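# Residue-level structural notes
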Amino acid sequence: MGSFVAHRREFGRDQSRPELTRRELLAVSALGLIAGVPGLAHAAGPENRLTWGIHVSLAPTWFDPAETPGIITPFMILYAVHDALVKPMPGQPLAPCLAESFTAAEDGRSYEFVLRQGVKFHNGDPVIAEDVKFSFERYRGASHSLMQDRVAAIETPDPQHIRFNLKAPWPDFLTFYATATGAGWIVPKKYVEKVGDEGFKKSPIGAGPYKFVSFTPGVELVFEAFDQYWRKTPSVKQLIFKVVPEESTRLAALKDGEVDIVYSIRGELAEELRSTPGLTLKPVNPPAPFWLYFADQWDPKSPWHDERVRRAANLAIDRKTINEALTLGFSKLTNSLIPASFEFYWQPPPAVFDQAKARQLLAEAGYAGGFDAGDYYCDSSYSNVGEAVLNNLQEVGIRSQLRPIERAAFLKGWGDKAYNNLIQCGSGAFGNAATRLGAFIVKGGTYVYGSYPDIDALAPQQAAELDHKRRAAILEKMQQLVHEKSVVAPIWQLAFINGAGPRVGESGFGLITDFAYTAPYEDITIKAA
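What this report covers is the structure whose coordinates are included nearby.

## Points about the nonpolar core
- Of all hydrophobic cores here, the largest spans 119 residues; its most connected members are Trp-52, Leu-58, Tyr-79, Trp-414 and Tyr-521.
- Setting aside anything within four residues of it in sequence, one finds Leu-58 in contact with Met-76, Ile-77, Phe-215, Leu-221, Phe-241 and Val-243.
- The next biggest cluster of nonpolar side chains, apart from the first, holds 39 residues, and it includes Phe-121, Val-127, Leu-166 and Tyr-191.

This is the structure we're talking about:
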């Protein structure tokens, strides 16, 4: 089995046309009327409780790290209930957490973790190496096959040590294991085996700073502080996540003191939040590009099979106006599905808005009168973005109907390849250019409906390349091909605009680089009276 100390690099130990006006664009977004929402009848207090207004319905599948898809939303819950061996934290993209240290072999073929002494799950069971092995082996979320195919064996010589042996050097092991997926978030083996997967989602037990208390579907999720959390005891004793899908209702609840923190406030509502005394606008820039995916481009009978048609759709989108109207100009127009902050990012040419050229390309492709493009699928919490894009497409003759779907169901349908025509996609998950291309572009990816052989051929080359410059060149070539083929039409890199009320001390927004939500939860505070 070999020594656990020789020939290794130690990573760390411990860490404490006429353009739409803004009003016209918002009009198509259906901001709606303020309506009663269950559970919002009382103020956000008492003194030692904070309440969030959550912009999406919460799904039990997000309570289990094993089912984490390639998006950021479940991490809103994972950072509260669960903990990982290593995870992004303030000032550290790979912070030792349940593991006090981790090392990589010089040959790149193994990674070893030393667990902290005395760390416990919420039920009192100790966190040991068998839990780590079990959590990896039961993981079935995004990129599970890719990771499991590269791991030859997992050794647990004693309760505090675990070694992952790889079949070949893989420079992205930690990127996938510790940031881009939920595989490194640890669950208690004995408890899961006792209650089963469905039982675990009904009453999850983790090793995070907060314990699960209750979940009322469509209404709220309640946590209470875990006073034995290894990093620190949280100062806020109870967290409540209220489901408030309507944007104007979230803002009204924040203004009335019914909630303390709200996610996703856009357009004129964001301006209203910014100008309201006692409220604080909290924009963050997560690694969350949005793009339009032409799901039928590999079908020779589809208009989207013609690259000119895909390019026309790209030219039709007025990103600047959408950005100013919905996110006050805070979103970044990077023209890529790879976040600009990611390693190996390639900057494509700027996006161009030219509807005359779009019409010309459609005419050249045989669609001078436009065409019916079928359904446009999207996460319902971003239907206003979809409405704006659909309006742009309509102006050049591409006619489509919006199909907004609640987030958990949308993600399942997207991953199950249940949609066709147009899909409005987005992801704010951690990772690098390789993890994004693997999930959304390369054959076999969770959300890949079709692929191109020349791009696919480069994927294993970059994964095996240990020279950083040569690997960067391969990944840049892959991104160039995505751009040249118009595989997608990038919309923007989202600015996620949120708000905090007067009771909030440290909100947690922006503490973890590139994280969309509030975290770490144990660092969040309430202002002294």
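There's more to say after this.
## Side note on the side chain of Asp-131
- Tracing the backbone shows Asp-131 in helix α3 (residues 129–138).
- Of the side chains with opposite charge, Lys-189 lies nearest to the buried Asp-131, which makes no salt bridge, at 7.4 Å.
- A polar contact is formed between the side chain of Asp-131 and the backbone nitrogen of Lys-189, at a distance of 2.9 Å.

## Digging into the packing of helix α14 (residues 433–440) against helix α16 (residues 468–484)
- The interhelical angle for the contact between α14 and α16, taken along N-to-C directions, is 40°, at an axis separation of 10 Å. On the basis of their axis angle, the class for α14 and α16 is oblique. At the point where α14 passes α16, the crossing takes the left-handed sense. Between α14, through Ala-433, Ala-434 and Leu-437, and α16, the contact on the second element is made entirely by Arg-471, Leu-475, Met-478, Gln-479 and Val-482.

## A closer look at the layout of surface pockets
- In this structure, the largest pocket occupies an estimated 770 Å³ of space.
- Around the largest pocket, the lining is made up of 37 residues, and of these Leu-94, Pro-171, Thr-175, Glu-343 and Asn-432 lie nearest the centre.
- Of all the secondary structure elements, the ones that give two or more residues to the lining of the largest pocket are β1 (8–13), β3 (86–89), β4 (92–96), β5 (99–105), α5 (173–180) and α16.
- Counted by class, the lining of the largest pocket contains 18 nonpolar, ten polar and nine charged residues.
- In this structure, the second largest pocket encloses a volume near 440 Å³.
- If you trace the second largest pocket, you find 27 residues lining it, with Leu-146, Arg-150, Gly-438, Val-442 and Lys-443 closest to the centre.
- Elements represented by at least two residues in the lining of the second largest pocket include exactly α4 (144–150), α14, α15 (453–464) and α16.
- Split by residue class, the lining of the second largest pocket holds twelve nonpolar, nine polar and six charged.

## Observations regarding the sheet that holds strand β16 (residues 398–405)
- Strand order in the open sheet formed by five strands is β16-β15-β17-β14-β18, and the pairing between neighbours is mixed. Looking at which strands have only one partner, the edges of the open sheet turn out to be β16 and β18 (488–493). Strand after strand, the sheet turns through a mean of 25° between neighbouring axes, direction not considered.
- In this structure, strand β14 (residues 289–294) lies alongside β18, joined through five bridges in antiparallel fashion. Note that in β18 the partner of Trp-291 across the bridge is Pro-490.

## Some words on the packing of aromatic side chains
- Counting across every chain of the model gives 43 aromatic pairs.
- With a centroid separation of 6.1 Å and 65° between ring planes, the pair formed by Trp-52 and Tyr-521 is classed as edge-to-face. Placement of the pair is Trp-52 in strand β2 (residues 49–54) and Tyr-521 in the segment after β19 (496–500), with a sequence separation of 469 residues.
- Look at Tyr-521 and you get buried, because its relative accessible area is 1%.
- On the basis of an interplanar angle of 55° and a centroid distance of 6.1 Å, the ring pair of Tyr-293 and Trp-298 is categorised as tilted.

## Comments concerning empty space enclosed by the protein
- By volume, the largest cavity amounts to about 280 Å³.
- Forming the boundary of the largest cavity are 22 residues, of which Phe-290, Asp-379, Tyr-382, Arg-407 and Gly-426 lie nearest the centre.
- At the level of elements, α13 (407–415) and β17 (422–426) are the ones that each hand at least two residues to the lining of the largest cavity.
- Element by element, the count of residues in the lining of the largest cavity is highest for α13, at four residues.
- Along the lines of polarity and charge, the residues of the lining of the largest cavity split into 14 nonpolar, six polar and two charged.
- Forming the boundary of the second largest cavity are 13 residues, of which Gly-70, Ala-180, Ala-429, Thr-435 and Ala-439 lie nearest the centre.
- Elements that contribute at least two residues to the lining of the second largest cavity include exactly α5 and α14.
- With four residues, the top contributor of residues to the lining of the second largest cavity is α14.
- Of the residues that constitute the lining of the second largest cavity, the class distribution is seven nonpolar, five polar and one charged.

Definitions and limits used
Residues numbered from 1 in each chain as written. Predicted model: local features only at pLDDT ≥ 70, side-chain atom pairs only at ≥ 80, totals over all residues. Heavy atoms only, no water. Core = buried A, V, L, I, M, F, W, Y, C linked by side-chain atoms within 4.5 Å. Buried < 20%, exposed > 50% of the residue type's maximum accessible area, 1.4 Å probe, protein only. Contact = heavy atoms within 4.5 Å. Helix = DSSP H or I, 4+ residues; strand = E, 2+ residues; numbered from the N terminus. Lys, Arg positive; Asp, Glu negative; His and termini not counted. Salt bridge = Lys/Arg side-chain N within 4 Å of Asp/Glu carboxyl O. Polar contact = N/O pair within 3.5 Å; in protein donor to acceptor, adjacent residues only side chain to side chain. Axes fitted to C-alpha atoms, helices over the stretch in contact; angles between N-to-C directions. Parallel < 35°, antiparallel > 145°, perpendicular 65-115°, else oblique. Left-handed = near helix turned anticlockwise from the far one by under 90°. 1 Å grid on protein atoms, 1.4 Å probe; cavity = no way out; pocket = protein on both sides within 12 Å on 5 of 7 lines; lining within 4 Å. Points joined across faces, edges and corners; volume = space filled by probe spheres on them. Nonpolar A, V, L, I, M, F, W, Y, C, P; charged D, E, K, R; others polar. Pairing = 2+ DSSP bridges. Phe/Tyr/Trp six-rings, centres within 6.5 Å; stacked < 30°, edge-to-face > 60°.

Interpretation in functional terms is not warranted from these geometric data alone.
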